[in-house]
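Here is what each chain is made of, one letter per residue.
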Amino acid sequence: MATTARSSRHLTARRIVAASLATAAIGLAAVGSADADAPRPGRVEVLELKLQNDQYETVDVGPAGPSLGDQDVYSGGTVQDGRTVGRGGGSCQVVQVHGAEVTKHCLLTIEVEGGSLTMQSLWTNGSGAPLDMAVTGGTGAYGGARGTVRFWDIGTPDERARVEIQR
């Protein structure tokens, strides 16, 4: 019974992390469509987005339950004003396990009109806090981009993100 409960908690935590990352990837995807003007140096773009996951898979590489190397892989779209504005995907890999506390390293990439954005963060299950991810760079119109993406209500139909991109 304890093993089943632990496996169930692990699966739930994985889904939450995967949903968060998909949300991040999708959230950044909207950046390309949010502003048709040429970017100005030092400018901050803020986007309020709803997220939708379309694919998700958990890869358990070690013993049953959380162990080093396990992964959540996901993809999805970002919705703004009722329309899908981008796509993205990523993965979270377990990098540390201390009992019920599991820490994952998460990487995301999104494609938007004019380029792509990348993000990363560490996420520890059960923290209860919103997930913040660093925007680590981009290509095309987003070359040199940096910023932060914050996710709330991860893994729920109300999942949302606030994207702040600095150029």
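Everything below is about the structure shown above.
*Asks:* Looking at this model, I keep getting lost on the overall build of the protein chain. Mind explaining?
*Replies:* The secondary structure content of the protein chain amounts to 2 helices and 8 strands. Beginning at the N terminus, the succession of helices and strands in the protein chain can be written as α-α-β-β-β-β-β-β-β-β. Counting the 167 residues in the protein chain, one finds 43% classified as buried. Taking as baseline every contact in the protein chain between residues at least 6 positions apart, the subset at least 24 positions apart corresponds to 52%. For the protein chain, the accessible surface area stands at approximately 8400 Å², while carbon and sulfur atoms represent 50% of it.

*Asks:* What's the story with the state of the cysteines in this structure? I'm lost.
*Replies:* Summed over the entire model, instances satisfying the criterion amount to 1 disulfide. Between the sulfur of cysteine 92 and that of cysteine 106 lies a disulfide, 2.1 Å long from S to S. Where cysteine 92 bonds to cysteine 106 through sulfur, the torsion about that S-S bond is close to 115°, and the disulfide is right-handed. Of this pair, cysteine 92 sits in strand β3 (residues 83-98) while cysteine 106 sits in strand β4 (residues 101-112), placing them 14 residues apart in sequence. Exposure class is identical for cysteine 92 and cysteine 106. Each is buried.

*Asks:* Explain unusual backbone geometry here, please?
*Replies:* Glycine aside, residues mostly have negative phi angles, and peptide bonds mostly take the trans form. In the Ramachandran plot, aspartate 81 falls in the positive-phi region, its phi being about 55° despite a non-glycine side chain. As for its placement among the helices and strands, aspartate 81 is situated in the loop between β2 (71-80) and β3.

*Asks:* Before we go on, may I ask you to explain a nonpolar patch on the surface in this structure?
*Replies:* Taken together, the side chains of Val59, Val61 and Val73 define a hydrophobic patch exposed on the protein surface, amounting to about 210 Å² of accessible area. Here valine 59 is to be found in strand β1 (residues 44-59). Residue class for valine 59 comes out partly exposed when judged on its relative accessible area of 34%.

*Asks:* Please clarify how the pairing of β4 should be interpreted in this entry.
*Replies:* Sheet faces and side chains relate simply in a regular strand, where the side chains alternate between the two faces. Bridge analysis of β3 against β4 gives 11 bridges, and the strand direction is antiparallel. Looking at β4, one finds that glycine 88 is bridged to isoleucine 110. Counting the residues between successive antiparallel strands, the hairpin from β3 to β4 contains 2 residues, one of them, glycine 99, with a positive phi of roughly 60°. Two elements, β4 and strand β5 (residues 115-124), share 10 bridges in a ladder whose sense is antiparallel. Paired with threonine 109 across the bridge in β5 is threonine 118. With antiparallel pairing between neighbouring strands as the criterion, β4 and β5 make up a hairpin whose turn holds 2 residues, including glycine 114 at a positive phi of roughly 95°.

*Asks:* For this particular structure, what's the right way to read the pairing of β5?
*Replies:* The pairing of β5 with strand β6 (residues 131-138) spans 4 bridges and is antiparallel. Note that in β6 the partner of threonine 118 across the bridge is glycine 137. The antiparallel pairing of β5 with β6 creates a hairpin that spans 6 residues between the two strands, and glycine 126 there sits at a positive phi of about 80°.

*Asks:* Explain the side chain of aspartate 70 to me, please; I cannot follow it from the model alone.
*Replies:* In this structure, aspartate 70 sits in the loop between β1 and β2. On the basis of relative accessibility, which here comes to 0%, the residue aspartate 70 falls in the buried class. Here valine 61 takes part through its backbone nitrogen, which lies 2.9 Å from a polar atom of the side chain of aspartate 70. Of the polar contacts made by the side chain of aspartate 70, one reaches the backbone nitrogen of serine 67; its length is 3.0 Å.

*Asks:* Is there a simple way to explain the pattern of salt bridges in this structure?
*Replies:* Two side chains of opposite charge can pair, provided their charged atoms sit close to one another. Taken as a whole and judged by the stated rule, the model has 5 salt bridges. A salt bridge links glutamate 48 to arginine 162; the nearest nitrogen and oxygen atoms lie 2.3 Å apart. Of this pair, glutamate 48 sits in strand β1 while arginine 162 sits in strand β8 (residues 160-166); the two residues are 114 residues apart in sequence, bridging distant segments of the chain. Classification of arginine 162 by relative accessible area gives partly exposed; the value is 30%. Residue arginine 160 is joined to aspartate 153 by a salt bridge in which the shortest nitrogen-to-oxygen separation is 2.5 Å. When salt bridges that share partners are traced, they join Glu48, Arg162 and Glu164 into one network.

Calculation criteria
- Residues numbered from 1 in each chain as written.
- Predicted model: local features only at pLDDT ≥ 70, side-chain atom pairs only at ≥ 80, totals over all residues.
- Heavy atoms only, no water.
- Helix = DSSP H or I, 4+ residues; strand = E, 2+ residues; numbered from the N terminus.
- Buried < 20%, exposed > 50% of the residue type's maximum accessible area, 1.4 Å probe, protein only.
- Contact = heavy atoms within 4.5 Å.
- Areas by Shrake-Rupley, 256 points an atom, 1.4 Å probe, with all protein chains shown as cover.
- Disulfide = S-S within 2.5 Å.
- Patch = residues over 30% accessible without salt bridge, like charges linked within 9 Å, V, L, I, M, F, W, Y side chains within 5 Å.
- Salt bridge = Lys/Arg side-chain N within 4 Å of Asp/Glu carboxyl O.
- Pairing = 2+ DSSP bridges.
- Polar contact = N/O pair within 3.5 Å; in protein donor to acceptor, adjacent residues only side chain to side chain.

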